[in-house]
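What the coordinates show
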Amino acid sequence: MGLLITTEDFIEYIKLAAHRIAGEKDYVTKLDAATGDGDHWVNMNSGFSAIVNAEEKLKTMPIDEALEVIGMIMMNKIGGSSGILYGGAYLAAGMKMKGCETLDEKGLYLFLVTMVEDMMQRGNARPGFKTMIDALYPAVEAYRSALDQKKDIKTLFSFVKNAAKIGAESTRNMEAVKGRASYMAEKGVGHLDPGAVTMYFQIEALCDYFEARID
Ligand code: ADP
Ligand code: MG
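Here goes a summary of the coordinates provided.

Rules of the game
Residues numbered from 1 in each chain as written. Chains lettered and ligands numbered in written order. Predicted model: local features only at pLDDT ≥ 70, side-chain atom pairs only at ≥ 80, totals over all residues. Heavy atoms only, no water. Helix = DSSP H or I, 4+ residues; strand = E, 2+ residues; numbered from the N terminus. Buried < 20%, exposed > 50% of the residue type's maximum accessible area, 1.4 Å probe, protein only. Lys, Arg positive; Asp, Glu negative; His and termini not counted. Salt bridge = Lys/Arg side-chain N within 4 Å of Asp/Glu carboxyl O. Polar contact = N/O pair within 3.5 Å; in protein donor to acceptor, adjacent residues only side chain to side chain. Contact = heavy atoms within 4.5 Å. Near = heavy atom within 4 Å. 1 Å grid on protein atoms, 1.4 Å probe; cavity = no way out; pocket = protein on both sides within 12 Å on 5 of 7 lines; lining within 4 Å. Sits in = over half its atoms within 2 Å of the grid points. Nonpolar A, V, L, I, M, F, W, Y, C, P; charged D, E, K, R; others polar. Expected span 1.5 Å × (residues − 1).

Here we take up the side chain of K130. Along the chain, K130 turns up in the loop between α7 (105–123) and α8 (133–148). Of the side chains with opposite charge, D193 comes closest to the buried, unpaired K130, at an N-O distance of 6.7 Å. Within the local environment of K130, its side chain forms a polar contact with the backbone oxygen of T171, the two atoms lying 2.6 Å apart. Among the polar contacts listed, one links the side chain of K130 to the backbone oxygen of H191, at a separation of 2.7 Å. Among all residues touching K130, those that are not within four sequence positions of it are T171, R172, M174, E175, A176, K187, G188, V189, H191 and D193.

By nearness alone, 20 residues border ligand 1, and N43, S81, S82, M132 and D193 come closest of all. At 3.0 Å, a side-chain N or O of D39 approaches an oxygen atom of ligand 1. Note that an oxygen atom of ligand 1 is positioned 2.8 Å from one of the side-chain N or O atoms of S82. At a threshold of 2 Å from the grid points, most atoms of ligand 1 map onto the largest pocket. Examining the composition of the shell around ligand 1, we find that four residues originate from one element, helix α6 (residues 80–96), more than from any other. Residues belonging to the shell around ligand 1 are distributed by class as follows: five nonpolar, nine polar and six charged.

Its 17 residues give α6 an end-to-end C-alpha distance of 25 Å, which sits within 8% of 24 Å, the value for a rise of 1.5 Å per residue. For α6, the tally of buried residues reaches 12 of 17 residues, placing the bulk of the element in the interior. Of the residues making up α6, those classed as buried are S82, G83, L85, Y86, G87, G88, A89, Y90, L91, A92, A93 and G94. Where α6 is buried, its residues contact α1 (7–22), α3 (40–53), α5 (63–77), α7 and α10 (194–212).

Printed below as a string of structure tokens:
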């Protein structure tokens, strides 16, 4: 295994995720209109566009600082529940990684695990509540088990991506416990959770981008 992620690499991943989200306006808006208030795509797209616009400034920072600045941008620009959850999670990850210039495969794991733990605590949510956590949590579990089993990095990323995909898909049959869908009579059953879907897009972009950089 030999993953080395600089801030510049991380921004390239963000650009890919931003592009993926930008291309799914109608789909994500429709999902959030069915179980929420329809703004999730606008929220996420504004946040990711703002990070991409801050590229030049971010690139000069070590990864710990960049994650904190990304967290602040997310907090300010995403809005809604997602803004607080993503903003808080990136800030927590930046703090956890204090003193880190770059990330290796364990550092990337630490970033993801810190993110999911912070989101669960902040949102008072667990897997199975029909939220973005249902895509992130299984991805983090798959990452952990691939590290434990000393899988090669390409296999690791394919496991992580697949776990996030299955996790997002699993929200279709869940009854929402948190978020706007939990106020609906049928608790959103039959609909995918929009936050889980955009989380999957990010994990997919992350895996695709970093996997392509391994020879
Ligand atoms: P809002 O619900 O405030 O309009 P968004 O539309 O941007 O915010 O985000 C909705 C998504 O946020 C949901 O699809 C769900 O994945 C996630 N979400 C909402 N509440 C929580 C929570 N308490 N914990 C984790 N995720 C949550
Ligand atoms: Mg919404």
